[in-house]
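# Overview (structure and organization)
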Amino acid sequence: MKVTTKLEDIIESSLSGSTIFKRQEVLTPEHIPSRLPHREEKIKELTVIFRELTNDPSSTSIRVVVSGPTGTGKTVTTKTFGNLFKSKLKERGTKIEYIHINCHRQRTLYLLTMELASNLKLPIPVRGLSAQESFRIIHDYLAKRNIHVILTLDEFDYLINTSPHEDIYFLVRLYDELSSTTRHMSYIFIMRDEQNVSTLDRSIKDHMMRNIVKFEPYKVRELKDILTDRVSEAFQPNVVPEETVDYISNVYGHDKGGSGNARLAIEVLEMAGKIAEIKNSPVVLMDYAKEANSRINAEAGEILEEISYLELHPLLILKALINLYNRLKTSSIQIGRLEKEYRDLCQELGEEPRRHTQVYEYVKRMKLMGILETQQSGRGMRGRTTLISFSVPISQDLESLIIKNLRMKLDNKEDYV
Ligand SMILES: Nc1ncnc2c1ncn2[C@@H]1O[C@H](COP(=O)(O)OP(=O)(O)OP(=O)(O)O)[C@@H](O)[C@H]1O
Ligand SMILES: [Mg+2]
């Protein structure tokens, strides 16, 4: 009976509001933030391209390709542009609609056309018409009411790779297909890789590729600004220390070898907050971000597995790093300090230490494997030096795993002697 009450308490106290989050929904992928740090220029580029529509929208049809790797803000920036541009033009008396369709969800020209009709609240007979015929009906409707639609086809790569090319040609060459004298449809094609159009006819490519807006992977500094915005909107005041945000930005920043993916960075931030909550911690520690990162990043999950493939001396370096952590209670260690600890450890075990350059090689390799992270020390330390840390949280499990593998390697060695 007592147990039940205790469990009830847990649920009760966790339901009664979060000490970590203020508005957790701000961290979901669907949330459209009020600011888009480092994408203002892309909004400007798009505006300049679409500016022609302000004069006489029925005289022109604009096509733009928005391309860039995953998580670089293509969807959120295009949606934000579309909606703002639409309201601005409406203020000026132009009848314009912005419609954003994901081609991965609406997988065929037919489904896409139905989605377009439903966005325009246009009843179209469900059966009996081909996609092309339906599209014509929609266009007639727009022409009659003098409405211009900016249609974004998100994840357009998907359509190119799965739909018959006639369907793609129909969409892109719309005004060669329709005998319409006025233009009521402009397109934004969002793609991860604009090379995907290379399978299409040259004429189509020319039709599409006149305007390309490229999105680059985010740098450390840029991710930091994006995350800082989300921290202030989604979290309670002062619960996320700067070093946690720095850690995530450094892992994902493209200039530090990360993917530059804002989606993953935000996901790690949210997961770190959840871990803090579960552990009843009043702050989102950097270690929770590390743990979140290793949970989210499938590769990081495999890091522990990688350790069992390491040779004796890289393992000794890892053990030296753990020893220093246990002694100094700091997870970032200067490389010189690490090397000294490694030598001491070798001596203790009667192993010949590897030379300086070889130690650096091992560190570099373990960085590439994702086991270690390196960072340049900031100001305040004499000279600049490289700081080494584990890319996963230092836990009892990690330590046991390293010791177990180390023992195995040392034992095998004795067999050889
Ligand atoms: N500049 C930015 N400011 C604020 N949030 C951003 C910014 N760029 C991206 N995000 C956020 O990062 C996440 C990923 O962005 P988005 O979905 O737009 O990426 P994408 O380029 O469309 O990726 P994919 O190719 O995988 O579809 C979203 O939650 C988005 O709100
Ligand atoms: Mg997207």
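Residues numbered from 1 in each chain as written. Chains lettered and ligands numbered in written order. Predicted model: local features only at pLDDT ≥ 70, side-chain atom pairs only at ≥ 80, totals over all residues. Heavy atoms only, no water.

## Here's the deal with the pairing of strand β2 (residues 96-102)
Most of β2 sits inside the fold, with six of its seven residues counted as buried. Two elements, β2 and strand β3 (residues 148-154), share seven bridges in a ladder whose sense is parallel. The partner of isoleucine 96 across the bridge, within β3, is histidine 148. (Buried < 20%, exposed > 50% of the residue type's maximum accessible area, 1.4 Å probe, protein only. Helix = DSSP H or I, 4+ residues; strand = E, 2+ residues; numbered from the N terminus. Pairing = 2+ DSSP bridges.)

## Notes on the site of ligand 1
Around ligand 1, a shell composed of 21 residues is seen, among which Thr70, Lys74, Thr75, Arg192 and Tyr218 lie nearest. Between ligand 1 and the protein, one listed contact pairs a nitrogen atom with a side-chain N or O atom of tyrosine 218 at 2.6 Å. Within the side chain of arginine 230, an N or O atom sits 3.0 Å from a nitrogen atom of ligand 1. Isolated, ligand 1 exposes 630 Å² of accessible area, and the fraction of that covered by the protein chains is 95%. Secondary structure elements with two or more residues in the shell around ligand 1: α3 (74-91), α10 (220-234) and α12 (262-278). Grouping the amino acids of the shell around ligand 1 by side-chain chemistry returns ten nonpolar, six polar and five charged. Residue-level mapping places the shell around ligand 1 at the junction of two domains, with at least three residues from each of domain 1 (40-214) and domain 2 (219-296). (Near = heavy atom within 4 Å. Polar contact = N/O pair within 3.5 Å; in protein donor to acceptor, adjacent residues only side chain to side chain. Areas by Shrake-Rupley, 256 points an atom, 1.4 Å probe, with all protein chains shown as cover. Nonpolar A, V, L, I, M, F, W, Y, C, P; charged D, E, K, R; others polar. Domains from an automatic or database assignment.)

## Let's talk about the side chain of serine 389
With respect to the helices, strands and loops of the structure, serine 389 is situated in strand β8 (residues 386-390). Assessed through its relative accessible area of 6%, serine 389 is described here as buried. Discounting residues that sit within four places of it in the chain, serine 389 has contacts with Lys290, Leu321, Ser331, Ser332, Ile371, Leu372 and Glu373. (Contact = heavy atoms within 4.5 Å.)

## Brief notes about the domain arrangement of the chain
Taken domain by domain, the chain comprises domain 1 (40-214), domain 2 (219-296) and domain 3 (304-416). One C-alpha centre belongs to domain 1, the other to domain 3, and the line joining them spans 54 Å.

## Quick word on the packing of aromatic side chains
Two descriptors summarise a pair of aromatic rings, namely the distance from one centre to the other and the angle between the planes of the rings. Inspection of every chain in the model, using the stated rule, returns seven aromatic pairs. An angle of 90° between the planes, with centres 5.6 Å apart, marks the rings of phenylalanine 135 and phenylalanine 170 as edge-to-face. Placement of phenylalanine 135 in helix α5 (residues 131-145) and of phenylalanine 170 in helix α7 (residues 165-172) is noted, with a sequence separation of 35 residues between them. Neither residue differs from the other here; phenylalanine 135 and phenylalanine 170 are each classed as buried. Measuring from centroid to centroid gives 4.7 Å for phenylalanine 156 and phenylalanine 189, while their planes differ by 50°, and the two rings are tilted. (Phe/Tyr/Trp six-rings, centres within 6.5 Å; stacked < 30°, edge-to-face > 60°.)

## Brief notes about helix α17 (residues 356-368)
With 13 residues, α17 should cover 18 Å at 1.5 Å per step; its first-to-last C-alpha distance of 19 Å lies within 8% of that length. Those residues of α17 that fall on the buried side of the exposure criterion are Val359, Tyr362, Val363 and Met366. Taken down its axis, α17 places every buried residue within 100° of arc, on the same side. Exposed side chains of α17 directed beyond 90 degrees from the buried face belong to Thr357, Lys364 and Leu368. Along its buried surface, α17 packs onto α15 (312-328), α16 (335-349), β7 (372-376) and β8. (Expected span 1.5 Å × (residues − 1). Arc of directions from axis to C-beta.)

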